[in-house]
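Architecture and fold: a report
The primary structure of each chain is shown beneath.
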Amino acid sequence: MRKPIIVGNWKMNKTIAEAVAFIDAVDGVCHDGATYGVGAPFLALAESVKHANHLIVAAENCHFEDSGAFTGEVSVPMLEEIGVKWCIIGHSERREMFGDTDETVNKKAKRLIQAGITPIVCIGESEAQYDAGESEAVIRSQLSGSLADLCADCVKDIVIAYEPIWAIGTGKSASVEIAQQCCHIVRDQIEKMYGKEAAEAVRVQYGGSVKPENIVEYMAQPDIDGALIGGASLKVDSFTDIINKTK
Ligand code: 13P
């Protein structure tokens, strides 16, 4: 039985004070039926970790090297030092705007796993790829690159977020059928790479315009174990609504 996991991705939003105020307001609403969390900007991570008792706090990126001449980057040991236990990697915004590739995502995943930090690995096709009927091929290829050469036991613990780029921040969420179909492909690809046990254990999220009004129908799908939520995770009211609707 996979425990649902619902994580907000704040992206480049919230100062330290805003992050702490959100966590103080939402932390007590969480319940044991699911894992709830937020992806916070680097600067807000340390205080967020201190204030969160029930919410998990994820970094939104990391570098795969431990130190060196990588101006502006943050390494895994730096995250470890402030008690971060989760990290989103390979978000489509990082892939599109900051040059992340399956290869660098794979290196990040390996380094995080080594540190005992759980990666939330994002994948998903563009609108052009979707229109060309290439969703399945893109999903399989991104997973085979991003998750190459991990141990099957480690894969059981990671989280995969399937986020079709055309549904991110557009209000145009994928239909429940498409989301289920694609999350099933994710699980099938994990089975091909790491076997049935890993495929059955890995938690798969859908992301793309998830909100209080549609969370329940996504969560009812057999292969959707949770959601990665952008816009609707920024306000206390809407995120609390999502928590209450997934009890
Ligand atoms: P929206 O929920 O704003 O569409 O963003 C999804 C996302 O990118 C989460 O990582």
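The preceding data block contains the structure.
Note that the coordinates shown come from a computational prediction; the quantities given were computed from them, not determined experimentally.

**A few points about the sheet that holds strand β5 (residues 118–123)**
Pairing is parallel in the closed barrel, where eight strands are placed in the order β1-β2-β3-β4-β5-β6-β7-β8. With direction set aside, neighbouring strand axes in the sheet form an average angle of 25°. In this sheet, strand β4 (residues 86–89) lies alongside strand β3 (residues 56–59) in parallel orientation, the contact comprising two bridges. For Ala58, the partnering residue across the bridge sits in β4 and is Trp86. Docked against the sheet, helix α12 (residues 236–245) engages β1 (5–9), β2 (35–39) and β8 (226–229), running at close to 170° with respect to β1.

**Some points on the environment of Gln142**
Within the secondary structure, Gln142 sits in helix α7 (residues 135–146). On a C-alpha basis, the gap between Gln142 and Ile123 in space is 6.4 Å, while along the polypeptide they are 19 residues apart. Setting aside residues up to four positions removed in sequence, Gln142 forms contacts with Arg95, Asp102, Ile123 and Gly124.

**Brief notes about the environment of Ala220**
The residue Ala220 is located in the loop between α11 (215–219) and β8 in this model. Distance from Ala220 to Arg95, taken between C-alpha atoms, is 30 Å for residues 125 residues apart in sequence.

**Some words on the layout of surface pockets**
The space that makes up the largest pocket amounts to roughly 430 Å³. For the largest pocket, the lining is made up of 15 residues, of which Lys11, Met12, Glu60, Arg94 and Phe98 are closest to its centre. Every element with two or more residues in the lining of the largest pocket is listed here: α2 (42–51) and α4 (92–97). When residues in the lining of the largest pocket are grouped by element, the largest group, three residues, is from α4. Broken down by class, the residue content of the lining of the largest pocket amounts to eight nonpolar, three polar and four charged.

Basis of the calculations
The residue count restarts for each chain, going from 1 along the sequence in the order it is written. Only residues with pLDDT of 70 or above have their local features reported here, since the model is predicted, and side-chain atom pairs are shown and tallied only from 80 upward, although totals for entire chains, interfaces and linings are computed over all residues. Computation of side-chain values covers all heavy atoms of the structure but excludes hydrogens and water. At least two bridges found by DSSP between two strands is the condition for calling them paired. Helix and strand assignments follow DSSP, with helices taken as H or I runs no shorter than four residues and strands as E runs no shorter than two, numbered in order from the N terminus. Here the axes come from fitting lines to C-alpha atoms, over the contacting stretch only for helices, and the angles between their N-to-C directions go from 0 to 180 degrees. Residue contacts are defined here by distance: any two heavy atoms, one from each residue, within 4.5 Å place the two residues in contact. Cavity and pocket criteria rest on a 1 Å grid covering protein atoms alone: a 1.4 Å probe that fits but cannot get out defines a cavity, protein on both sides within 12 Å along at least 5 of 7 lines defines an open pocket, and an atom within 4 Å of a point defines a lining residue. Grid points are joined across faces, edges and corners, and a volume is the space filled by probe spheres set on the points. Polar here means any residue other than Ala, Val, Leu, Ile, Met, Phe, Trp, Tyr, Cys and Pro, which are nonpolar, and Asp, Glu, Lys and Arg, which are charged; Gly is therefore polar.

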